[in-house]
Structure formats: C-alpha cells, structure tokens
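As a plain string of letters, each chain reads:
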Amino acid sequence: MFLPDAPPLAATASFAVGSSASECDTVPGRQCMASCFFLLRQFKDVNIYLSSIKPYIFNDNVSAQQGGEGDRPFSHAARAGL
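The paragraphs below set out a description of the structure included in this document. (Residues numbered from 1 in each chain as written. Predicted model: local features only at pLDDT ≥ 70, side-chain atom pairs only at ≥ 80, totals over all residues. Heavy atoms only, no water.)

**Re the packing of aromatic side chains**
- In the structure shown here, the tally under the stated rule is 2 aromatic pairs.
- For the ring pair Phe 38 and Phe 43, a centre distance of 5.6 Å and an interplane angle of 70 degrees mean the geometry is edge-to-face.
- Residue Phe 43 is classed as partly exposed on the basis of its relative accessible area of 42%. (Phe/Tyr/Trp six-rings, centres within 6.5 Å; stacked < 30°, edge-to-face > 60°. Buried < 20%, exposed > 50% of the residue type's maximum accessible area, 1.4 Å probe, protein only.)

The structure is reproduced here in structure tokens:
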C-alpha cells in the first residue's frame, strides 16, 4: 500500500534528526540528511553528504580480512592498534 504523504513525512523526519545539534556532525546525522535529500530528489546534495562520510564507512568483511575490528567500524584507535 502506497501512502502519498509518506515520502514528504519521511524527508521531514530525516531532516529533523540530521539537522539536530546532537547529530549534525555525526555519521548517522549525515546519513539522515542524505536520506532527506534523496527523498526530495536533490541528488547533488545526497552526493555531498555521502562523500563527507565515505572515509568512515567501510565493508566489515573487508576490514575483518585485513585484521581490522569489524564490530567497531568508527573507532580509529581500534584500527590503528592504539
């Protein structure tokens, strides 16, 4: 069942979370903003937000094979062995 109001409502909710003071500079916050812009079909903005978090996202399987800690993907200290 398709609800015509669902995409704008989801975009509004994603924007509210992604732009909040506690989330705006976090990976989940930037993912929320990318989701918001995706739902609004503003793909240039989606690319900007996803590009900004690309260094922090990696495949857990690849990191595990390379000796990284797959269960803690955002811990730079864990990957550096500190």
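**Considering the environment of Ser 14**
- One can find Ser 14 in helix α1 (residues 6-18).
- Ser 14 sits 20 residues away from Ala 34 along the chain, and the two C-alpha atoms are 8.5 Å apart.
- Aside from chain neighbours lying at most four places away, what touches Ser 14 is Cys 32, Met 33, Ser 35 and Cys 36. (Helix = DSSP H or I, 4+ residues; strand = E, 2+ residues; numbered from the N terminus. Contact = heavy atoms within 4.5 Å.)

**Observations concerning a nonpolar patch on the surface**
- A cluster of nonpolar residues, Phe 38, Leu 39 and Phe 43, forms a patch on the protein surface that exposes about 290 Å² of accessible area.
- Along the polypeptide, Phe 43 turns up in helix α3 (residues 43-53). (Patch = residues over 30% accessible without salt bridge, like charges linked within 9 Å, V, L, I, M, F, W, Y side chains within 5 Å. Areas by Shrake-Rupley, 256 points an atom, 1.4 Å probe, with all protein chains shown as cover. Salt bridge = Lys/Arg side-chain N within 4 Å of Asp/Glu carboxyl O.)

**So, helix α2 (residues 27-39)**
- If you check α2, its first and last C-alpha atoms are 18 Å apart, about what 13 residues at 1.5 Å a residue would give, namely 18 Å.
- Buried positions along α2 lie against α1 and α3.
- One side-chain oxygen at the N-terminal end of α2 lies 3.1 Å from the backbone nitrogen of Gly 29; it belongs to Thr 26.
- One or two residues past the end of α2 sits Arg 41, with phi positive at roughly 60 degrees. (Expected span 1.5 Å × (residues − 1). Polar contact = N/O pair within 3.5 Å; in protein donor to acceptor, adjacent residues only side chain to side chain.)

**Points about unusual backbone geometry**
- One non-glycine residue, Arg 41, adopts positive backbone phi at about 60 degrees.
- Mapped onto the elements of the fold, Arg 41 is located in the loop between α2 and α3.

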